[in-house]
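Chain by chain, the residues run as shown.
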Amino acid sequence: DTGVSQDPRHKITKRGQNVTFRCDPISEHNRLYWYRQTLGQGPEFLTYFQNEAQLEKSRLLSDRFSAERPKGSFSTLEIQRTEQGDSAMYLCASSSRTVTNEKLFFGSGTQLSVL
Amino acid sequence: KQEVTQIPAALSVPEGENLVLNCSFTDSAIYNLQWFRQDPGKGLTSLLLIQSSQREQTSGRLNASLDKSSGRSTLYIAASQPGDSATYLCAVWETYKYIFGTGTRLKVLA
């Protein structure tokens, strides 16, 4: 069990550029979540996958955001035409109803700074 | 809509004190509740998970209780240590996702 892995750890980009983050969940976990966290706030839900199916998306996830989880393994989160308001920590988590009873395991996050 | 509130927002205590962190939620129909720890700039680490049918969970110096009817949970930390300094977040499960509070920033002074 190597834990949830996120890449990159830090990303600095200019406004208007596209960025993509990757998350590798714990291998036996079928559920994967993306959250966004700004300074001093709790994580805000963005989207949820069960295996390869994206079952729920937050209203926070505008049409500039897209997430995929091909083959129910790793997941990517892409932000197009980044804005300064997108600057935040993007957190990935995984769980399994049968293995962990929905206990969430988080990665270390990707810190995005949009200049 | 589920809302989760944590009080206090920040807490500073001398080493060795026992302390209680509070979490309240507006919709008592929860599946479970988790307490997490977050160090600055890092991801979250799950500390304790309480199922809706349970009243409390214990791990080492930590004890979490759950009172669904009143919409409250508490995290009790015994004999606090400087290494306990972190932000503590509670989260309740709502279909397909956890809803988080804003956290309590704890500083334990040596």
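Quick summary incoming for the structure in this document. In every chain, residue numbers begin from 1 and rise along the written sequence. As a convention, the first chain written is A and the first ligand written is 1, with the rest following in written order. In view of the model being predicted, local features appear only for residues whose pLDDT reaches at least 70, and side-chain atom pairs are presented and counted only at 80 or more, with totals across whole chains, interfaces and linings using the full set of residues. For the side-chain quantities, the full set of heavy atoms in the structure was used; hydrogens and water were omitted.

### Describing the sheet that holds strand 8 (residues 75-79) of chain A
All names here are of chain A. Strand pairing requires that DSSP identify at least two bridges connecting the strands. Here a strand is any run of E in DSSP of at least two residues, a helix any run of H or I of at least four, and the numbering for each starts at the N terminus. Spatial strand order, 1-3-8-7: four strands in an open sheet with antiparallel pairing. What marks the edges here is a single partner per strand, and that holds for strand 1 (5-7) and strand 7 (65-68). When strand polarity is set aside, the average angle formed by the axes of neighbouring strands in this sheet is 15°. Two elements, strand 7 and strand 8, share four bridges in a ladder whose sense is antiparallel. Note on strand 8: the bridge partner recorded for F65 is I79. Axis lines are fitted through C-alpha atoms, for helices just across the contact stretch, and the angle between N-to-C directions can take any value from 0 to 180 degrees.

### A word on the layout of surface pockets
Using a grid of 1 Å spacing that covers the protein atoms alone, one calls a set of points a cavity when a 1.4 Å probe fits there but cannot get out, and a pocket when the set is open and has protein on both sides within 12 Å along at least five of seven lines; lining residues are those with an atom within 4 Å of a point. Grid points are joined across faces, edges and corners, and a volume is the space filled by probe spheres set on the points. Each pocket or cavity is described by its volume, and for the largest pocket that value is around 530 Å³. Around the largest pocket, the lining comprises 22 residues; the ones closest to its centre are A:E44, A:F45, A:L60, B:K1 and B:I99. Secondary structure elements with two or more residues in the lining of the largest pocket: strand 5 (44-50) and strand 6 (53-57) of chain A together with strand 10 (97-100) of chain B. It is strand 10 of chain B that provides the largest number of residues to the lining of the largest pocket, a total of four residues. Residues are grouped as follows: nonpolar covers Ala, Val, Leu, Ile, Met, Phe, Trp, Tyr, Cys and Pro; charged covers Asp, Glu, Lys and Arg; every other residue, Gly included, is treated as polar. Residues belonging to the lining of the largest pocket are distributed by class as follows: seven nonpolar, seven polar and eight charged. Along the walls of the second largest pocket sit 21 residues, with A:Q37, A:L39, A:G40, B:Q38 and B:G41 positioned nearest its centre. Listing elements by their share of the lining of the second largest pocket, those giving two or more residues are strand 9 (88-95) of chain A together with strand 9 (86-94) and strand 11 (104-109) of chain B. Of the residues forming the lining of the second largest pocket, the biggest block, three residues, is contributed by strand 9 of chain B. Here the residues of the lining of the second largest pocket sort into seven nonpolar, eleven polar and three charged.

### Observations regarding the state of the cysteines
Put simply, a disulfide is two cysteine sulfurs that come within 2.5 Å. Per the stated rule, a full pass over the model turns up two disulfides over all chains. Two residues share a disulfide in this structure: A:C23 and A:C92, whose sulfurs sit 1.9 Å from each other. Where A:C23 bonds to A:C92 through sulfur, the torsion about that S-S bond is close to -65°, and the disulfide is left-handed. Taken together, the positions of A:C23 in strand 3 (residues 19-24) and A:C92 in strand 9 put the pair 69 residues apart, joining distant regions of the chain. For the pair A:C23 and A:C92, a shared accessibility class is recorded, and that class is buried. Covalently, B:C23 is tied to B:C90 through a disulfide, its sulfur atoms 2.0 Å apart. Measuring handedness by torsion sign, the sulfur bridge of B:C23 and B:C90 sits at about 75° and is right-handed. Of this pair, B:C23 sits in strand 3 (residues 19-25) while B:C90 sits in strand 9, and the two are 67 residues apart along the sequence. Exposure is judged per residue with a 1.4 Å probe applied to protein chains only, and the accessible area is read against the type maximum: over 50% gives exposed, under 20% gives buried, and values in between give partly exposed. According to the relative accessible area criterion, B:C23 is buried, its value standing at 2%. On the accessibility criterion, B:C90 (0% relative accessible area) is buried.

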